[in-house]
Amino acid sequence: LKSKKTTGDIILTAVIYSTMALMLVVTLYPFLNSLAISFNHADDTTRGGITFYPRVFTFRNYQTIFTNEKIYRAYVITVLRTIIGVATGLLFTSVLAFGLAHKQLMGRRFYTLFCLIPMYFGGGLIPTYLLIRQLGLLNNFWVYIIPNLVNLWNMILMRSYFQNIPEALEESARIDGARFYTVFMKIIFPISTPIIATICLYIGVFHWNSWFDAAYYVIKRTELKPMQSVLMQIISEAAYAERIAASAGGAVVDMGNIGRGKMVNVRSITMATMIVTILPIVMVYPFIQRYFIKGIMIGSIKG
Amino acid sequence: MVIPSIIFLFIFCYIPIYGVLMAFQEFRIGDFPGLSHWVGVKHFQELMIKDPKFPQLMRNTVVISLLKLLINFPVPIIFAAFINEIRHPRFKRSVQTISYLPHFISWVVAARLMFDFFSSDNGAINDFLKFVGFIDKPIPFFLRGEYYWGMAVVTDLWKEVGWNSIIFLAAIASIDAEMYEAADIDGASQVQKMWHITLASIRPTIVLLLIFTVGNLLNANFDQTYMLTNQMGNRVLLEYADIIDTYVLRVGIAQTRFSFAAAAGLFKAVINFALLLGANMLAGKFGESALF
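Note that this is a predicted model, so its numbers are computed, not measured.

Q: Would you explain the environment of L32(A) in this entry?
A: Residues and elements named next belong to chain A. In this structure, L32 sits in helix α1 (residues 7-38). Residue L32 is classed as partly exposed on the basis of its relative accessible area, which comes to 32%. Ignoring anything within four residues of it in the chain, the contact list for L32 reads T51 and F52.

Here it is in structure tokens:
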């Protein structure tokens, strides 16, 4: 059975498809443009007019950043931080969520309330900063990991998922003599792929993109700076260099500590660094898409 | 089994709450937390009455938030309803995947991308506007303070529209398909179905998220503001871009006026919480599904 199309329907369809087309172009263009510039020869880029594709193709910009020790080290820090952050964050968050999903847990209502309050109330920036100082976490790699062990919003999302798992499944394992950790690792984890994938993505993206803790808690030890910090530095140096260059009448500037004396276009370097920074995420999230849509659905309906 | 996580929460979420006391005291480094000299509401007076920056901060925070509430809140709802109308599964999936992309990148990167996109020197938007004959000279989008509020709205829209639409899409997915079939039999048009079924059915979700948004009114997106201004060396924008959060960071950590910054933070938190309760009460009064 198909209803007849009215004039309004035809206009609506036209509006919808043109909106979508416009959205696709506007979303993708900035990314494609940066990608094109990152593969374009630096001298040619200064002439302007690069759009979707490189005009004079080169790998030189990437060679420059891959041979730069500072960028290389920052990348290692970011990868380490993300891996350790996801592993520990997933463990602490899921154990708490699993516990709170259990009706038998002693003091469950107290613990639940204990977890809900910080979602709305916090001490704010200054006391947190002082606490981190007091704990000796300033200028320490673990400042990236320890304060982020449990994210309560993620915990609530997981708890909703665990609450939907039939209790009988766990009971039968308990009758067979399985202890808490056996049940958790052998029964619950394997059937919770959607929520675990979703939470891993959330935690992973959080760690990958974090810059604030690095900017304010890790000041003295520059070797601990992650990719986002180095990128921030490159971007502001580039912006500065471009302003200088604009007044001097050319955009080829010595990048100082980034380019190590090489004369390269600051914009090319910025774009190449940016592409390298976002690439892992762009590669991963489409594969987890169907899981996080499901995860949000459960969280939003049962939350 | 939950104890390690609970201990963690106690340390990192509960201990900092003494900051509430700090706002009424004169904290000096080395003081035992919560045992500093009491000064009453001195810091609040300094902030609200004596600080010449305060009216500007409030104006920027409230205007940016209200603009986002007015524009960036409804757009994802319309976007979700539009996606729901796409009849080609492959196209639908690509639109979704691509629209989520900007959410996953940091504001560090997003700010730079937007800066180039709207640049007056070969930026795509200016080139396009020139090409269609809309303008003669490029518009300096990121160089004039007066444009900043608009840029805050547009860049936030670019980054989060797709992502914010997911929750509405999830709500739409749970609508009973029989409703659409019944409407077909009654001869309803596509437009009517979109309005009377799709949007009407997700009303509880919309109200719930609206309550949360109102309860966040004094958080005008710290990351975005910080990256679009400081990052680019665009200090000229601060007159229109400086919000409570960026100010707290500046005076609190850079100038080490800890108690004053804590007072500003508390001021923000209290108003936000009051707005959350108010919005929740209003929703209940109008017979909508409230949060609690």
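Having seen the model, we can carry on.
Q: Teacher, can you tell me more about the nonpolar core here?
A: One broad trend across soluble globular proteins is that nonpolar side chains are buried collectively. If you look at the biggest cluster of nonpolar residues, it comprises 164 residues, and the most contacted ones within it are L96(A), Y144(A), F162(A), F292(A), L9(B), F104(B) and Y148(B). A per-element tally of this core places helix α9 (residues 148-173) of chain B first, with 12 residues. Once residues lying within four places of it in the same chain are set aside, the contact partners of L9(B) are L96(A), F114(A), C115(A), V150(A), L152(A) and Y14(B). Counting 12 residues, the second largest nonpolar core, distinct from the first, contains I65(A), I71(A), M227(A) and I269(A).

Q: Help me out: how do you make sense of helix α6 (residues 125-134) of chain A in this one?
A: For an α-helix the count is 3.6 residues per turn, leaving residues at separations of three or four pointing the same way. Inspection of α6(A) places I126(A), P127(A), Y129(A), L130(A), L131(A) and I132(A) among the buried residues, and these make up the whole buried set. At its buried positions, α6(A) is contacted by α11 (212-216) of chain A together with α1 (3-14), α2 (19-22), α15 (244-254) and α16 (258-285) of chain B. Two residues or fewer past α6(A), G136(A) is found with a positive phi of approximately 75°.

Q: Hey, could you run me through the interface of chain B and chain A in this one?
A: As a measure of interface size, the accessible area lost when the parts come together is often cited. In this complex, chain B contributes 81 residues to the contact, which on the side of chain A involves 89 residues. Between chain B and chain A the total buried area reaches about 7,600 Å² when both faces are included, carbon and sulfur atoms providing 79% of it. On the chain B side of the contact with chain A, M1(B), F104(B) and R112(B) bury the most area, a combined 10% of that side's loss. Taken together, the connections running from chain B to chain A amount to 1 salt bridge. Between R267(A) and D116(B) there is a salt bridge, with its nearest N and O atoms 3.3 Å apart. In terms of residue count, the dominant contributor to the side of chain B that touches chain A is α1(B) (11 residues).

Q: Just checking my understanding: could you explain the packing of α6(A) against α16(B) for this structure?
A: Running from N to C, α6(A) and α16(B) cross one another at 130°; their axes reach a closest spacing of 8 Å. Relative to α16(B), α6(A) is oriented oblique. On α16(B), the residues touching I126(A), Y129(A) and L130(A) of α6(A) are F258(B), A261(B) and A262(B). Within the contact of α6(A) with α16(B), the residues separate by chemical class into 6 nonpolar, no polar and no charged.

Q: What exactly am I supposed to notice about the side chain of D156(B) here?
A: Residues and elements named next belong to chain B. In this structure, D156 sits in helix α9. Within the buried core, D156 has no salt-bridge partner, and the shortest N-O distance to an opposite charge, that of K68, equals 4.2 Å. Setting aside its immediate chain neighbours within four residues, D156 contacts K68, N72, W107, V161, N221 and Q224.

Q: Mind showing me how you'd approach unusual backbone geometry here?
A: Of all residues except glycine, most have a negative phi; of all peptide bonds, most are trans. Residues and elements named next belong to chain B. Residue N221 is not a glycine yet carries a positive backbone phi of 70°. With respect to the element layout, N221 can be found in the loop between α12 (203-214) and α13 (222-231). The backbone phi angle of T256 is positive, close to 50°, even though this residue is not glycine. Topologically, T256 is positioned in the loop between α15 and α16.

Q: In this structure, what is going on with the environment of P138(B)? I would like to understand it.
A: Residues and elements named next belong to chain B. Looking at where P138 falls in the secondary structure, it is placed in the loop between α8 (124-131) and α9. In this structure the C-alpha to C-alpha distance between P138 and A80, which are 58 residues apart in sequence, comes to 33 Å. Beyond its immediate stretch of four places on either side in the chain, P138 contacts S120, N126 and K130.

Cut-offs and rules
Residues numbered from 1 in each chain as written. Chains lettered and ligands numbered in written order. Predicted model: local features only at pLDDT ≥ 70, side-chain atom pairs only at ≥ 80, totals over all residues. Heavy atoms only, no water. Helix = DSSP H or I, 4+ residues; strand = E, 2+ residues; numbered from the N terminus. Buried < 20%, exposed > 50% of the residue type's maximum accessible area, 1.4 Å probe, protein only. Contact = heavy atoms within 4.5 Å. Core = buried A, V, L, I, M, F, W, Y, C linked by side-chain atoms within 4.5 Å. Buried area = accessible area lost by both parts, 1.4 Å probe. Salt bridge = Lys/Arg side-chain N within 4 Å of Asp/Glu carboxyl O. Axes fitted to C-alpha atoms, helices over the stretch in contact; angles between N-to-C directions. Parallel < 35°, antiparallel > 145°, perpendicular 65-115°, else oblique. Nonpolar A, V, L, I, M, F, W, Y, C, P; charged D, E, K, R; others polar. Lys, Arg positive; Asp, Glu negative; His and termini not counted.

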